[in-house]
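# Understanding the architecture of this molecule
Here is how the chains run, residue by residue.
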Amino acid sequence: MLEKIENVTLSVVGMTCAACSQRVEKGLKRMNGVHEANVNVTTEKATVTFNTEETTIKQLTEKIETLGYDVRMVKADFQVTGMTCAACSNRVEKKLNRLEGVQKAAVNLALETATVEYVEGVISPSDMKDAVHKLGFGLKEKDDSSNQVDSKQKEMEVQLGKFLFAAILTFPLFWSMVTHFEFTSFIWMPDMFMNPWVQLALATPVQFIVGAQFYVGAYKALRNKSANMDVLVALGTSAAYFYSIYLGIEAMEQGIVMPDLYFETSAVIITLIVLGKWFEARAKGKTSQAIQKLLGLQVKTATVIRNNEAVTIALEEVKVGDRLLVKPGEKIPVDGVILDGHSAVDESMITGESIPVDKKSGDIVIGSTMNKHGSITMEATKVGKDTALAQIISIVENAQGSKANIQRMTDKVSGIFVPVVVVIAIMSFFVWYLFVTPGDLGAALIPTISILVIACPCALGLATPTSIMAGSGRAAEVGLLFKGGEHLENTQSIQTVVLDKTGTVTKGEPMVTDFVYEAPFEKELLLQMVSSAEFKSEHPLAHAIVNYAKEEPVQLMETEQFEAVPGHGIRAKVNGYDLLIGTRKLLDDEKVEYNKAQVKMTEFEKEGKTAMLIAVNGQYAGLVAVADTVKETSKQAITRLKKLGLEVIMLTGDNKRTAEAIAKQVGIDQVVAEVLPEEKSAVVENLQKEGKKVAMVGDGLNDAPALAVADIGMAIGTGTDVAIEAADITLMRGDLNSVADAIIMSRKTMINIKQNLFFAFVYNSLGIPIAAVGLLAPWVAGAAMAFSSVSVVLNALRLQKTKLSPNEMERSK
Amino acid sequence: MTKTVWKWVVSAIAILLAIMVIYSYVGPEEVDHHSDHALDEYEKAREERSG
């Protein structure tokens, strides 16, 4: 039986550290039918691959809920049209409730509204619209503002409110603590704040209202037999709080007016951790700026031409085949082809290329790019999820949510960290209570609380994902799309870059430079036959010949037979003549003699031109020379790659002379020429056998196997979909500078991750012994813990300012 | 500051004021720092606290 495998991404709420994400991941993986689960604490996303016959999305969400977390639901209100009676509303409601991903749907007939609670990422409003539309009703969103952004904003406001609440009530406690020290004893303080009852009244709301989130988190974790940072915070602050109550009662019994209490310890720790969480949430929000910027590029409306009239409609209503009008200064709504008009289009938002591109009738335009000058009429070819922008957003989201190998290691470490810390804290308590300060519970408790607080592995859990998010987001801004965190990680170790020639180093748009014909053939007839045969071919060289023929102009004839001989040329029958057009090998195989052409052919090849022999009815008839021009930026990019210490190799199916001429122009020393498409991957494999880490850069269908085999495959974004599919990185700019940029971005991201991990590890491993010997006050431990998380996120944010392309570097100077 | 944030701030100030008002009615009498006895008590307590 064929398994129905599906991939779903769920937004998980309530995870605070790597231990939480580990737990959700393990829990999901244990479910029947779940093949793979990947949970990221930073993006709060769980990506699950599962068999739909064994489990459902509902079961997955239920599992996450039993593990103590929630799946973020989006609540959306819709306007329903076309309902006339209760039966209609029932039908709509039932239909919506049956859709996969919809948790709850309620339809109100009187108000003609539907309120739907659904799992984000599983179903979209447009899916619901389609389903309701099939029933014969209409569904329209009432409010198109992003629910997710709102809920995150709200969450941040609550954290800020909690911090200010805690800070106001903690201040008097902190004040009383400050006056404890010898050197600060001169500070005046009202006696009221030294009163144990007042301290209890101040600390209690902080402990149980603001601190409730830690208790809830700890309870959920412990219920699932695991531990996270909430457990440590709850344990540490509760110990201080309840011990203070105990001391207060004891003091009252003994008649002591101002006993030594620790209420300020628990309150200050909670206040600082909440402050840290607020900072962290703000900084984390900034790491996803790239996605928000991309989402912001989308236009809301489009002008459609219907019955010769321009009508403005919502973007979601644009369909493939619609004729759209785009005026100067407007954004192009969806991907399409220009039917009429010409203009310069600024594609910098997609490709990172700042110079506007000239577009004329027949050219492809990308949605969300800016039409600068002329008014154009275009036909929509891709809408909704299929547009380039939607796909870019999806690639960036996937990359940001995926895990680098280094992260899997740190996740494991932080997963076992908490139980180990609790054991260390307990041991420290007994050592202090039994040996250091025998019988003094308070003195033994202080280092224990400090250990519990300083050892929170928050910084460790945040170190890698925040850098990956910031790094891949910054890369996307300059047109580099990493398909996963692991690719961002692996690119830095590349030693050899193999470049495909046509379309990568060169523009890939060859033009006919010379057409030689041999008597008794006439130029016009020969060109007519050759161009008619080449018309059937998809090869760029064939296009060059056809374009040349059009310019001459000659009339095309009917081609009776056509056969492409990969890597060598074509065989065809035109107007009763047998034609061979291609390499020496093609003519050798057919035993056609072409000695007359040798001198001219060699001459062309020395000039870097590709010369193709023409034979008619087994007789040499002429020679056509085609040259591809080198991209303006190729030379500069190759110099940059060499400066990065990389070995650069050019790979091509062209003959050696042509390849070498091109290589010389751009400064490449090593060339592998005359390679058949199927041999390209073998060349890459041979380099790998030599122990080299190889990156392959290509654009064509024939590069796809080599792109897949290479350690890192980079596809030029202007290339074929197959190449982009096979590659690990898509370079949206056609410019080779992107290769150097990708390597620089990867190196910088990895350095950033290592800095974060070093900081987090050093911080925890130094903090614990310092706390254990009693040199760290608990409130200082709280402040340090909050600072560690914030500093890790801020360090990751530096990646957003990375200067990449030479233009940018120039500007920054 | 948004409404949500203000709600938290106002609640905290209200709790603080309530504690102060209640303390002023039911709390012990203010320690008279000018009386020698009270001052001794106060200093003693402070020394105890600072260890």
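Check the entry above for the structure.
The structure contained in this document is the topic of the report that follows. (Residues numbered from 1 in each chain as written. Chains lettered and ligands numbered in written order. Predicted model: local features only at pLDDT ≥ 70, side-chain atom pairs only at ≥ 80, totals over all residues. Heavy atoms only, no water.)

## A closer look at the sheet that holds strand S26 (residues 647-651) of chain A
Hydrogen bonds along the backbone pair up the strands of a sheet, which may run parallel or antiparallel. Residues and elements named next belong to chain A. Pairing within the open sheet is mixed, and its seven strands lie in the order S18-S30-S29-S28-S19-S26-S27. Taken across any chain shown, the strands that pair with only one partner, and hence form the sheet edges, are strand S18 (480-482) and strand S27 (670-672). Strand-to-strand twist of the sheet, defined as the mean angle between neighbouring strand axes without regard to direction, takes the value 20°. Pairing between S18 and strand S30 (residues 729-731): three bridges, direction antiparallel. Across the sheet, the residue bridging to Leu 481 is Thr 730, located in S30. (Pairing = 2+ DSSP bridges. Helix = DSSP H or I, 4+ residues; strand = E, 2+ residues; numbered from the N terminus. Axes fitted to C-alpha atoms, helices over the stretch in contact; angles between N-to-C directions.)

## Considerations on the nonpolar core
Residues and elements named next belong to chain A. Core analysis: the largest hydrophobic core is formed by 93 residues, its most contacted members being Leu 10, Leu 28, Leu 60 and Met 229. Of the residues forming this core, the biggest block, 10 residues, is contributed by helix H9 (residues 263-287). In contact with Leu 28, other than residues within four places in its own chain, are Val 34, Ala 37, Val 39, Ala 46, Val 48, Leu 60, Lys 63 and Ile 64. Ranked by size, the runner-up nonpolar core spans 54 residues in total, among them Ala 404, Val 648, Met 714 and Val 739. (Core = buried A, V, L, I, M, F, W, Y, C linked by side-chain atoms within 4.5 Å. Buried < 20%, exposed > 50% of the residue type's maximum accessible area, 1.4 Å probe, protein only. Contact = heavy atoms within 4.5 Å.)

## A look at a positive patch on the surface
Residues and elements named next belong to chain A. A cluster of basic residues, Lys 94, Lys 95, Arg 98 and Lys 134, forms a positive patch at the surface. At three residues, helix H3 (residues 86-98) tops the list of elements feeding residues into the positive patch. Along the polypeptide, Lys 94 turns up in helix H3. (Patch = residues over 30% accessible without salt bridge, like charges linked within 9 Å, V, L, I, M, F, W, Y side chains within 5 Å. Areas by Shrake-Rupley, 256 points an atom, 1.4 Å probe, with all protein chains shown as cover. Salt bridge = Lys/Arg side-chain N within 4 Å of Asp/Glu carboxyl O. Lys, Arg positive; Asp, Glu negative; His and termini not counted. Charge placed at Lys NZ, Arg CZ, Asp CG, Glu CD.)

## Focus: helix H7 (residues 212-223) of chain A
All names here are of chain A. Between its first and last C-alpha, H7 extends 16 Å over 12 residues, near the 16 Å set by a 1.5 Å rise per residue. Every buried residue belonging to H7 is among Phe 214, Gly 217, Ala 218 and Ala 221, and all of these are buried. When H7 is viewed along its axis, its buried side chains cluster within an angular range of 100° and face the same direction. Looking one or two places after H7, you find Lys 225, whose phi comes out positive at around 55°. (Expected span 1.5 Å × (residues − 1). Arc of directions from axis to C-beta.)

## Some details on the packing of aromatic side chains
Aromatic ring pairs: the centre-centre distance and the angle between the two ring planes describe each pair. Residue and element names in this part refer to chain A. As enumerated under the stated definition, the model contains 15 aromatic pairs over all chains in all. Judged by centre distance (5.8 Å) and plane angle (25°), the rings of Tyr 243 and Tyr 262 are stacked. On the criterion of sequence distance, the pair formed by Tyr 243 in helix H8 (residues 229-254) and Tyr 262 in the loop between H8 and H9 is long-range, its members being 19 residues apart. Ring pairs connect the aromatic residues Phe 208, Tyr 215, Tyr 241, Phe 242 and Phe 263, which therefore count as one cluster. (Phe/Tyr/Trp six-rings, centres within 6.5 Å; stacked < 30°, edge-to-face > 60°.)

As far as function goes, none of this settles anything; it's purely spatial.
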